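Here is what each chain is made of, one letter per residue.
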Protein chains: 2
Amino acid sequence: MTFRQNLACAWAKQDSLLCVGLDPDPARFPAHLQGRDDAIFEFCKAIVDATGDLVCAFKPQIAYFAAHRAEDQLEALIAHIHAVHPDIPVILDAKRGDIGSTAEQYALEAFERFRADAVTVNPYMGRDSVAPYLAYPEKGVILLCRTSNPGGSDLQFLPVGERGERLFERVARLVAEEWDCAGQCALVVGATFPAEIARVRALVGDMPLLVPGIGAQGGDVEATIKAGRTADGVGLILNSSRAILYAGKGEDYAEAARQAAMETRAMSNRFR
Amino acid sequence: MTFRQNLACAWAKQDSLLCVGLDPDPARFPAHLQGRDDAIFEFCKAIVDATGDLVCAFKPQIAYFAAHRAEDQLEALIAHIHAVHPDIPVILDAKRGDIGSTAEQYALEAFERFRADAVTVNPYMGRDSVAPYLAYPEKGVILLCRTSNPGGSDLQFLPVGERGERLFERVARLVAEEWDCAGQCALVVGATFPAEIARVRALVGDMPLLVPGIGAQGGDVEATIKAGRTADGVGLILNSSRAILYAGKGEDYAEAARQAAMETRAMSNRFR
């Protein structure tokens, strides 16, 4: 089954557009996990176990593991997700981008070492820097298009060419019209710009959009969903990381995360 | 000492613009290293030991380590370079790019875990995605500007704004005029486009340019140096990876690498 098929099943079966982002920051872990060698794995595993019936995807952010020499814990975490929730796709948020020969190595890292179902990729180096990920026909490739951070406009909002098109719109068109030959691609579009989500949706048909910025980054759920949903009320992977991971500060943090995930899923389902 | 000062000393002391890129591909290792657990470290260590008096920098490419679960060997390799050649800066080629809170984690990875002196970063997400690296005042931040791969033109060559400026020129100007407040930045500009190297040099003053594509990627050394050198005959970090690493196939690969590095250094010094 391909990433796109897997995702479509998860949207339906879980009745959810919610993706829980796994950005483990040991400084914010509850006291009972502090100092443990496997704290990162244990923290994330409890979140996965508490929210696995509520999400359409999990998205571990590799930087939070790499900064703490915890690649082995990331491998174990993804293996755990596959074992407990074999139907839920795992998106490795890595935002890689390099020439073809190096991208082959990054594809090995994401798909063979970590066994992710999809990976986020930066489009700045162009089509051949993306091709090595697309060489895995069952895997998904999620390209940065319009990001929700303050500096996202520095390049992405520049007008390019003669039609007044913005760079992020050109990226959306390039991916939809030229790069995505086999239906493997998706795009990252930040929740803080609903009008731009609508513009990207108009350019890319039913391509999935990964939308960070729900929750801690302040994106408006209703506006996001109305701008980005497809005709059948799906098409979106709404990511929330910190607002769910750190909903509670104590030993019951996983239960607090479950409550936050339930509320976010219910809210988003009202607007589909 | 800052990365820029360190680099200036290495250019002078080593009389070299050559950077050896450490892209270890186990499939291309000589037979006597095949199957060893520490093959990646040993392969690269021998290259470092054979070329350390000929280079202004070493540039390990993290993908080649991550694909093989060899982060520990990368740590050991960089520690070895610092121990044996404390004056030679180490550039971690990682091309990271993410929102500020995640970029903080990537900066920890590059500068505290791996102890690199500089890291390559993708500019697509804008200024705040670069700031966390700049928060380390002694470290260098080398931004992708114009890359030498075939797809490099897909986005980087697009005309932006009203003055006929290309995206890579806008990136060069943004970095030189706005992002590089403390002289920490450098730019990646591919060797296959000498006219564009000259254009970037005109935009950024004496900022160092990291130029991949010497050797295996076919860039012309004379044209590159004449286009990119500063008035004092430096300003360039000319990277060669495969043409040096795999100059020999047998047990004498390190000696073959030394010969290739000597030739490349000598050739480049003729045109400074």
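Attention in this report is confined to the structure presented alongside it.

1. Considering the overall build of chain A
Move 1: When its secondary structure is counted, chain A shows twelve helices and ten strands.
Move 2: Over its C-alpha trace chain A gives a radius of gyration of 18 Å, about what one expects of a compact globule, namely 19 Å for 272 residues.
Move 3: Expressed along its principal axes, the backbone C-alpha trace of chain A runs to roughly 60 × 45 × 35 Å.
Move 4: By the burial criterion, 59% of the 272 residues in chain A qualify as buried.

2. Brief notes about the interface of chain B and chain A
Move 1: Taken together, the contact between chain B and chain A spans 41 residues of the former and 41 residues of the latter.
Move 2: Secondary-structure elements contributing two or more residues to the side of chain B that touches chain A are helix H3 (62-66), helix H5 (100-113), helix H7 (152-156), strand E6 (159-160) and helix H8 (167-179) of chain B.
Move 3: Of the residues assigned to the side of chain B that touches chain A, the class counts are 17 nonpolar, 14 polar and ten charged.

3. Things to note about the pairing of strand E2 (residues 57-60) of chain A
All names here are of chain A.
Move 1: Alternating residues of E2 divide into Ala57 and Lys59 and Phe58 and Pro60, and every residue in both groups is buried.
Move 2: Pairing of strand E1 (residues 18-22) with E2 involves four bridges; the strand directions are parallel. The residue bridging Leu22 from the neighbouring strand is Pro60, located in E2.
Move 3: In this fold, the crossover linking E1 to E2 by way of helix H2 (residues 39-51) has right-handed handedness.

4. A look at the relation of the copies chain B and chain A
Move 1: Once chain B is rotated about the relating axis by 180° and shifted along it by 0.0 Å, it coincides with chain A to within an RMSD of 0.0 Å. Both copies are brought into coincidence by an operation consistent with a two-fold rotation axis. Within chain B, the C-alpha atom positioned nearest to the axis of rotation is that of Val160 of chain B, 2.3 Å from it.
Move 2: With an isologous cut-off of 70% or more, the 100% of interface residues of chain B that recur at the interface of chain A puts this contact in the isologous class.

5. With respect to helix H4 (residues 71-84) of chain A
Residue and element names in this part refer to chain A.
Move 1: Counted at 1.5 Å a residue, the expected span for H4 with its 14 residues is 20 Å, and the 20 Å between its end C-alpha atoms agrees.
Move 2: Looking only at H4, the buried set comprises Gln73, Leu74, Leu77, Ile78 and Ile81. Summarising the axial view, the buried residues of H4 lie within an arc of 135°, below the 170-degree limit, and thus occupy one face.
Move 3: Residues of H4 that are buried sit in contact with H2, E2 and helix H3 (62-66).

The rules we used
- Residues numbered from 1 in each chain as written.
- Chains lettered and ligands numbered in written order.
- Predicted model: local features only at pLDDT ≥ 70, side-chain atom pairs only at ≥ 80, totals over all residues.
- Helix = DSSP H or I, 4+ residues; strand = E, 2+ residues; numbered from the N terminus.
- Rg over C-alpha atoms; globule rule 2.2 N^0.38 Å.
- Buried ≥ 20, exposed ≤ 12 C-beta atoms within 10 Å, placed from the backbone.
- Contact = placed C-beta atoms within 7 Å.
- Nonpolar A, V, L, I, M, F, W, Y, C, P; charged D, E, K, R; others polar.
- Pairing = 2+ DSSP bridges.
- Right-handed = clockwise from strand over helix to strand, strands pointing away.
- Least-squares fit on C-alpha atoms with pLDDT ≥ 70 in both.
- Expected span 1.5 Å × (residues − 1).
- Arc of directions from axis to C-beta.

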